[in-house]
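Understanding the architecture of this molecule
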Amino acid sequence: MSMQSYRVPYNRPFVSGEEQDFISQAISSGSLGGPGPFSRRCEAWVSERTGVASSFLVPSCTHGLEMAALVAGLKPGDEVIVPAYTYVSTANAFAVRGAMPVLVDVRLDTCNIDEQCIEQAITPRTRAIVPVHYAGVACDMARILDIAREYNLLVIEDAAQGFLASWKGHALGAIGDLGAYSFHATKNITSGGEGGMLLARRREHADPGRVVRDKGTDRESFLSGNTPAYSWQGMGSSYVVSELQAAALWAQLGVADVVTQRRRQRWQLYHEQLSHLCEGYGVAMPCVPDGCVHNGHIFYLRLPSKRARDHVISYMRDAGVQAQSHYQALHASPGARKLARVCGGCSNASEVADTIVRLPLFHDLSEDEAGIVIEVFRAAVQSFWSGRGNFGNSLAIEGG
Ligand SMILES: *Cc1c(COP(=O)(O)O)cnc(C)c1O
């Protein structure tokens, strides 16, 4: 079924309406290469909001994580601890530097890295922990920061989904040493469809970040008049972003809080309207631990079995509602056999991958559309129940 034929699609990328204006301004200014005035404005906005020493607009969150690996000086033989339930980039950004992602299990309640599994994955080669804040809900950062301090490890947050979410008042992405946001079209706000931001909390990472982003040169310091010429300083690549994309992002940052608020309202509506049904059928609701303020990025539920989940998604599809599963667990993938080490069984990661369903959620999802989603989800769950006996029985038949 194509996107157009859904009554309620999974996502509609956010458009503020100011993008074309700002993009035209960038074109008429004659300054399209980055980092230019729009990039600077976006970076200043994010640095101020999050309190980090510096932010770097980059082509994607994936590139932001690759930059983090370069800034951290990761090299072949180093290990980084990554959750087994995440997007491929969380591991690959380090694998491309020759470092070894070490995959550990996640918690069933938040789908975030299980902080209890981290210590057993640490070896003398471990250099960093990479928490992923799934659905914009923070990992147990208190425990992760403690472990990092004790073993002298860096914390590099994959905050792709964490823009404008917080933990104990601290912005996600700005809690560890380095952090990365995604401004892909599927995220809460977007820089023209692709984009991301690397955050460096500490001042000592600011200059290395500038060098790495601009082909391993001190061109930025040359642009600001601090050096008469620029030269090769070290490792780097081309992680600078066009002013066209920066202009598109600038058109969204000003209303990003409103977008977050709307998404949170819809998230809350789903939560209220579905909790009774979910309790009755053994469907797990999303958990937001104390101290976490989420950003309404994803509303997910976990069904009691893969068969139930697959049934719900296809039932909803037939009713015109685009619900989605999410990641395949990394530890079971061909890439992991070549590039990663798996620590423990990671059975929770498999279970989350098999049972999760994400409901449509975007800034202008109307109340009517949300109502359709709720009714269709209810009918989907009930139809599985009436076809199979209750979920508890189907679980027993499937052996868990
Ligand atoms: C979206 C996402 C990414 C990749 O972001 P890009 O900007 O597309 O590179 C990485 N990690 C997580 C957890 C994501 O959700």
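Here's a quick rundown of the structure. (Residues numbered from 1 in each chain as written. Predicted model: local features only at pLDDT ≥ 70, side-chain atom pairs only at ≥ 80, totals over all residues. Heavy atoms only, no water.)

Overall, the coordinates contain 26 salt bridges when judged by the stated rule. D78 is the salt-bridge partner of K75, the closest N and O atoms lying 3.3 Å from each other. Classification of K75 by relative accessible area gives partly exposed; the value is 45%. Classification of D78 as buried rests on a relative accessible area of 6%. Among the ionic contacts, a cluster of salt bridges with common partners joins R40, E43, D207, R210, R213 and E220. (Salt bridge = Lys/Arg side-chain N within 4 Å of Asp/Glu carboxyl O. Buried < 20%, exposed > 50% of the residue type's maximum accessible area, 1.4 Å probe, protein only.)

Right, let's talk about the nonpolar core for a bit. Within the largest apolar cluster, 48 residues are counted, with the highest numbers of intra-cluster contacts made by Y85, F94, Y134 and I156. Those elements that place two or more of their residues in this core are β1 (54-58), α3 (61-71), β2 (79-83), α4 (88-95), β5 (154-158), β8 (178-182), β9 (196-200) and α12 (347-355). It is α3 that provides the largest number of residues to this core, a total of 7 residues. The residues contacting F94, other than those within four sequence positions of it, are L65, A69, L74, V80, A99, V130 and I156. (Core = buried A, V, L, I, M, F, W, Y, C linked by side-chain atoms within 4.5 Å. Helix = DSSP H or I, 4+ residues; strand = E, 2+ residues; numbered from the N terminus. Contact = heavy atoms within 4.5 Å.)

In this structure, the amide linkage connecting G34 to the following residue, P35, adopts the cis form with an omega of -15°. Counting through the fold element by element, P35 comes out in the loop between α1 (19-29) and α2 (37-50). Within the chain, L164 stands out as a residue other than glycine whose phi angle is a positive 65°. Structurally, the position occupied by L164 is in the loop between β5 and β6 (166-167). Here C346, not a glycine, exhibits a phi torsion of approximately 55°, which is positive. With respect to the helices and strands, the residue C346 is situated in the loop between β12 (341-342) and α12. We classify C346 as buried; its relative accessible area is 2%.

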